[in-house]
Amino acid sequence: MARQIGEVIVDLQNISLRFGGVKALTDISFNIREHEIRSIIGPNGAGKSSMLNVINGVYHPQEGKIIYRGEERRKMEPYEAAGQGFARTFQNIALFKGMSVLDNLMTGRNLKMKATLVEQAFFWGRARNEELEHRKKVEEVIDFLEIQHIRKTPVGRLPYGLQKRVELGRALAAEPNLLLLDEPMAGMNVEEKQDMCRFILDVNDQFGTTIVLIEHDMGVVMDISDRVVVLDYGKKIGDGVPDEVKNNPEVIAAYLGTQH
Amino acid sequence: MFYREAGQFKTSYGADQQILPIRQDRIGMVVLLAVAFLGVPMFASEYWFSAILIPFLIFALAALGLNILTGYAGQLSLGSAAFMAVGAYAAYNFQLRIEGIPILVSFLLGGVVAAGVGILFGLPSLRIKGFYLAVATLAAQFFIVWCLTKFPWLSNNSSSGVISAQKIIIFGHEFNSPQDKYLLVLGIVVVLALAAKNLVRGNVGRSWMAVRDMDVAAEVIGFRIMRTKLTAFAVSSFYCGVAGALYAFCYLGSVEPDGFSLELSFKILFMIIIGGVGSILGSFVGAAFILLLPVLLDVLLPALSETLSLPVDGASISHIQTMIFGALIMFFLIVEPHGLARLWQIAKEKLRLWPFPH
Ligand SMILES: Nc1ncnc2c1ncn2[C@@H]1O[C@H](COP(=O)(O)OP(=O)(O)OP(=O)(O)O)[C@@H](O)[C@H]1O
Ligand SMILES: [Mg+2]
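Owing to the predicted nature of the structure, the values given are computational and were not obtained by experimental measurement.

About the thresholds
Residues numbered from 1 in each chain as written. Chains lettered and ligands numbered in written order. Predicted model: local features only at pLDDT ≥ 70, side-chain atom pairs only at ≥ 80, totals over all residues. Heavy atoms only, no water. Donors = N, O, S within 2.8 Å, 3.2 Å for Na, K, Ca; no water. Helix = DSSP H or I, 4+ residues; strand = E, 2+ residues; numbered from the N terminus. Buried < 20%, exposed > 50% of the residue type's maximum accessible area, 1.4 Å probe, protein only. Axes fitted to C-alpha atoms, helices over the stretch in contact; angles between N-to-C directions. Parallel < 35°, antiparallel > 145°, perpendicular 65-115°, else oblique. Left-handed = near helix turned anticlockwise from the far one by under 90°. Contact = heavy atoms within 4.5 Å. Nonpolar A, V, L, I, M, F, W, Y, C, P; charged D, E, K, R; others polar. Near = heavy atom within 4 Å. Polar contact = N/O pair within 3.5 Å; in protein donor to acceptor, adjacent residues only side chain to side chain. Areas by Shrake-Rupley, 256 points an atom, 1.4 Å probe, with all protein chains shown as cover. Pairing = 2+ DSSP bridges.

### Considerations on the coordination of the magnesium ion (ligand 2)
Residues and elements named next belong to chain A. Within the first shell, the magnesium ion (ligand 2) binds the protein through Ser 49 (OG) and Gln 91 (OE1), at distances of 1.9 to 2.1 Å. Of this pair, Ser 49 sits in helix α1 (residues 48–55) while Gln 91 sits in the loop between β6 (86–89) and α3 (101–107), and the two are 42 residues apart along the sequence. By relative accessible area, Ser 49 is classed as partly exposed at 21%. Look at Gln 91 and you get partly exposed, because its relative accessible area is 31%.

### Here's the deal with the packing of helix α12 (residues 280–307) of chain B against helix α13 (residues 314–335) of chain B
All names here are of chain B. As a packed pair, α12 and α13 sit with axes 10 Å apart at the nearest point and diverge in direction by 135°. Comparing their axes, α13 and α12 come out oblique. When you trace α12 past α13, the crossing you get is right-handed. Every residue of α13 that contacts α12 at Phe 289, Ile 290, Leu 293, Pro 294, Leu 297, Asp 298, Leu 301 and Pro 302 is listed here: Ile 317, Ile 320, Gln 321, Ile 324, Phe 325, Leu 328 and Phe 332. Across the contact of α12 with α13, the residue classes break down as 13 nonpolar, one polar and one charged.

### A word on the site of ligand 1
Residue and element names in this part refer to chain A. Around ligand 1, the surrounding shell holds 14 residues, and the nearest of these are Gly 45, Lys 48, Ser 49, Ser 50 and Gln 91. Here an oxygen atom of ligand 1 sits 3.2 Å away from a polar atom, N or O, in the side chain of His 216. With the chains in place, 64% of the 630 Å² that ligand 1 exposes on its own is no longer accessible. Where the shell around ligand 1 is concerned, the elements lending two or more residues are β2 (22–33) and α1. The element that contributes the greatest number of residues to the shell around ligand 1 is α1, accounting for three residues.

### Some points on the environment of Gly339(B)
Residue and element names in this part refer to chain B. Positionally, Gly 339 belongs in the loop between α13 and α14 (340–353). Sequence-wise, Gly 339 and Ile 119 are 220 residues apart; in three dimensions their C-alpha atoms are separated by 28 Å. Other than its neighbours up to four places away in sequence, Gly 339 contacts Ile 273, Ile 274, Gly 275 and Gly 276.

### Notes on the sheet that holds strand β3 (residues 37–41) of chain A
For sheets, the rule is that strands pair by backbone hydrogen bonds, running either parallel or antiparallel. Residue and element names in this part refer to chain A. As summarised here, the arrangement of the six strands in space is β6-β7-β8-β3-β9-β10, forming an open sheet in which the pairing is mixed. The sheet terminates laterally at β6 and β10 (235–240), the two strands that pair on one side only. Adjacent strand axes in the sheet meet at a mean angle of 15° when their direction is disregarded. As defined by bridge partners, β3 adjoins strand β8 (residues 210–214) across four bridges and the pair is classed as parallel. By the bridge assignment, Ile 37 is partnered in β8 with Ile 211. In the packing of α1 onto the sheet, the strands contacted are β3, β6, β7 (178–182), β8 and β9 (227–232), and the crossing angle to β7 comes to about 155°. Across the face of the sheet, helix α7 (residues 190–207) comes into contact with β3, β7 and β8 while running at roughly 155° to β8.

Okay, here's the thing in structure tokens:
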């Protein structure tokens with residue numbers, strides 16, 4: 001591949017997260033390098049989604065540090081994380097149900113729009129230019145994901161697989177530099193999975209976007225990841241390139257112990 | 001001519017993003033506006049202006065305001081009438097206390113004051129949702145009406161808070177006749193409806209709907225929940241405020257705080273439920289339905305009871321009216337929860353394919 005894995009952009013140090021008595025994450029450290037595909041795997045309830053929520057500010061860990069591009073990040077809200085170029089998709093589709101595909105994708109551009117309320121009310125000045133300019137960008141994403149035929153469809157009417165694709169589109173429309181994907185292929189058939197894999201690889205390759213991927217399909221994970229981190233019961237039990245992780249006895253035990 | 005978009009290819013995103021992308025719709029809108037501005041004044045009677053058309057437009061505006069908040073941003077409110085009251089009393093006070101202030105500026109400022117009050121009462125929405133928020137806006141409803149009665153300064157020390165709207169003079173012309181007032185109200189409502197349409201299809205509209213549909217995802221994509229909700233409260237209350245000012249100045253002439261009751265708030269809520277939650281058109285259709293139905297029943301019921309020679313007195317007629325009204329509202333909630341505007345949309349979709357539905 002042409003892309004070069006760069007330096008560490010997000011460094012998570014000793015993260016612990018509790019919900020009341022439940023320890024969702026315990027003392028977890030790992031890092032994410034620029035341009036890589038970094039997967040997080042682990043059995044159900046291991047804390048994978050919680051980890052993504054910590055990275056983009058939905059949850060605030062009780063302990064630990066998050067270093068972003070060399071600087072310790074203060075407690076950050078999700079919209080601020082979005083401002084830094086973090087985008088994500090959700091395990092359970094979280095599209096805006098009442099809006100069309102196009103409008104869902106346009107929301108991805110919101111932070112780049114500067115028109116005031118009055119300008120928007122009269123579709124005048126910046127408002128008009130921005131709508132057109134960002135529509136162009138969104139159309140690029142639509143072409144990239146091959147969803148031209150459904151651009152005006154309300155997302156609620158789409159089948160599951162396409163909804164997942166639109167959700168990826170909404171994240172891509174933000175032109176993120178860090179893309180967090182929470183089980184983007186869950187519940188898809190083989191063909192849909194292949195498409196999704198192709199999109200993820202293309203995004204990574206063409207735009208150099210760093211990707212954090214949660215996925216249960218081991219074949220896919222081992223195939224496309226640069227490095228994999230393994231969680232079990234909120235603890236990190238493995239971290240490394242796919243081959244290393246595959247042969248890690250603790251990882252094998254965790255998977256044999258819980259899934260079979 | 002068929003209602004169809006065939007042959008009307010969009011060659012630019014600008015063309016595709018027009019408010020009415022289909023030519024027939026654009027023609028329809030022009031015709032409608034021509035009828036409203038030119039046709040109606042030629043034929044309508046004074047009764048039609050002052051008892052039907054003016055209140056229709058004013059309530060459509062208020063319903064539009066509520067629809068922005070409830071339909072687009074998903075925040076239920078029972079305080080619309082109170083925000084109308086704020087607009088009415090604020091406009092009155094601007095006229096009263098600032099020498100030579102243009103009346104349109106007073107209306108505008110009435111809306112702005114209502115927007116400010118709306119933001120204040122929108123603050124609880126940052127913590128509470130749905131039913132509990134509705135209760136909080138109920139507090140706004142009672143508190144505002146109470147304030148207007150309690151502080152005589154607001155009504156220039158008139159008894160029980162009654163205010164009489166000042167004359168409407170614009171560029172030396174006095175808007176006195178029902179027809180003049182109708183045209184004034186129509187102009188304001190058309191401009192504000194257009195602005196609302198622009199808002200809901202732009203970035204701010206998307207932020208409202210995003211927060212309505214999935215607030216966590218909205219925040220993750222970069223919308224600030226707090227700002228988004230408060231903007232919705234502000235814009236919604238602005239619309240209700242201007243509607244309130246028009247209600248006082250162009251419809252009733254004199255108003256009292258108790259006129260802006262909870263009942264009125266509910267009436268506006270029914271308008272958007274029947275017309276269509278989350279639809280600009282629905283606000284107008286709903287207002288027309290709620291205002292015209294009683295008029296229609298007034299005419300029909302006595303006629304009906306006469307032909308059937310049933311002994312029905314005036315009191316029972318009004319009871320029957322209420323019952324029919326309630327039954328219709330329930331009927332709509334069950335059969336078409338998206339309101340009359342949705343029926344219209346479905347009809348258009350069918351028409352687009354007619355006569356070859358496959
Ligand atoms: N908002 C929350 N409130 C309370 N507990 C939570 C919350 N979010 C997660 N948890 C708990 O944290 C633990 C880890 O959950 P998480 O969703 O991160 O797991 P996961 O690895 O993503 O699992 P899955 O594969 O099922 O998606 C679970 O025990 C879960 O019940
Ligand atoms: Mg999960």
